[in-house]
Amino acid sequence: MPHRIVIIGTGLVGTSLAFALTIQGQASEIVLIDKDKDRAKGHAIDLNHGLPFAQPISIRAGDYSDCALADIIVIAAGVNQQPGETRLSLLQRNVDVFQEIITKTMQENFKGIFLIATNPVDILSYATYRLSGFPATRVIGSGTILDTARFRYLLGKNLDIDPRSIHAMIIGEHGDSEVPVFSTANVAGLPIKQFKDLLSEATLKTIVDDVRLAAYEIIKLKGATHFAIALGLSRIIESILKNQNSVLTVSTLLTDYAGISDVYLGIPAIVNRQGVVSIIDLPLDKEERQALINSANILKAQISSLHLDK
Ligand code: NAD
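This is a predicted model, so every value here is computed, not measured.

Where do I start with helix 2 (residues 37-48) in this structure?
The periodicity of an α-helix, 3.6 residues per turn, causes residues three or four places apart in sequence to face the same way. Across its twelve residues, helix 2 extends 17 Å between first and last C-alpha, which sits within 8% of the 16 Å expected from 1.5 Å per residue. For helix 2, every residue scored as buried is listed here: Ala-40, Ala-44 and Leu-47. Taken end-on, helix 2 shows its buried residues confined to a sector of 70 degrees, consistent with a single buried face. The exposed residues of helix 2 that point more than 90 degrees off its buried face are Asp-38, Lys-41 and Asp-46.

Before we go on, may I ask you to explain unusual backbone geometry in this structure?
Where the residue is not glycine, phi is negative for most of them; where a peptide bond is considered, it is trans in most cases. The amide bond that connects Asn-119 to the next residue, Pro-120, takes the cis arrangement and shows omega of -5 degrees. As for its placement among the helices and strands, Pro-120 is situated in the loop between strand 5 (113-116) and helix 4 (121-132). Unusually for a residue other than glycine, Asp-160 sits at a positive phi of about 60 degrees. Here Asp-160 lies in the loop between helix 5 (145-159) and strand 7 (167-171). One non-glycine residue, Asn-243, lies in the positive phi region at around 50 degrees. Relative to the helices and strands, Asn-243 resides in the loop between helix 7 (227-241) and strand 10 (246-254). The partly exposed category is assigned to Asn-243, whose relative accessible area is 42%.

Looking at this structure, I do not really get the domain arrangement of the chain. What am I missing?
Think of interface size as the accessible area that goes away when the parts come together; that is how it is often given. As far as domains go, the chain holds domain 1 (4-141) and domain 2 (145-303). Measuring from the centre of the C-alpha atoms in domain 1 to the corresponding centre in domain 2 gives 23 Å. Summing both partners gives a buried area of about 2,800 Å² for domain 1 against domain 2, and 69% of it is carried by carbon and sulfur. On the domain 1 side of the interface with domain 2, the three residues burying the most area are Gln-26, Asp-122 and Tyr-126, jointly 23% of the side's total. Counting the contacts that link domain 1 with domain 2 gives one salt bridge.

Criteria and thresholds
- Residues numbered from 1 in each chain as written.
- Predicted model: local features only at pLDDT ≥ 70, side-chain atom pairs only at ≥ 80, totals over all residues.
- Heavy atoms only, no water.
- Helix = DSSP H or I, 4+ residues; strand = E, 2+ residues; numbered from the N terminus.
- Expected span 1.5 Å × (residues − 1).
- Buried < 20%, exposed > 50% of the residue type's maximum accessible area, 1.4 Å probe, protein only.
- Arc of directions from axis to C-beta.
- Domains from an automatic or database assignment.
- Buried area = accessible area lost by both parts, 1.4 Å probe.
- Salt bridge = Lys/Arg side-chain N within 4 Å of Asp/Glu carboxyl O.

Following this line, the structure appears as structure tokens:
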């Protein structure tokens, strides 16, 4: 069955995703849209030249009329902080960019699933949900999929175990208030906290700090993070298109989750062809639950200061 993915915003994140998709072959067609049309066109030509070594996929630069038949629209478009600009002003400018993008996609009668990557991802996913009028099932943010991957990688590195065999997650805001869930973290059913020889309290604290500060560190070293999130987005796309019912820590609308409502947050959710079909109710301990509520309150305070007009 043909699958069209439209990627809006062909910067580092958008193009790294396109590259991952050409190698992994989840989609049959990738359409690249950017306000800089030449950039999208140049990337499409470059990616096409790799196809003899990759999967049979059609890749081209396009425009909003291509959204009508898209299965998934990934939004990785964003504006950068100007010197002296506050985070809140940057946030409102990105909401304005989203307003323009969502309006154009809705004018084309898009009926698929929005997958949001632009930061702050939880707030912009919520904005997309509100601006599009779509049910929350069909508006998904990348959430803490990347933070969870970093957490599993670092735990695995310390334990010398394949990170794919580490069952641990980060929930809440994709940002400073994110929450590591130790109460359920395990390897082969054994709680992570039992691996005391390799994972002392001090080591666990270092791991949590490294996960939380990873983006700052990478941005300091090379200006942006994009490879790992591209693979995370590709994993979400795979679960959607192949109807896999995978549990992924995506950003989704919470409705009375630990008493939290009307905000998007990273939480383990079942993702399939319909989008986010259900959320896993975690048995959080008291501290984790309070930290999640704190994360929700931080995001809600920012949302309340935004203009979200359809
Ligand atoms: P970038 O600056 O390289 O690319 C942004 C692209 O968006 C540019 O090509 C720009 O021309 C385009 N753009 C801007 N306004 C547009 C509009 N109105 N319509 C169409 N295109 C438009 O940025 P990047 O490094 O690719 O990052 C993109 C976003 O992804 C940022 O917000 C970044 O913070 C975020 N990000 C998220 C995660 C995550 O875990 N969710 C991880 C890494 C980066």
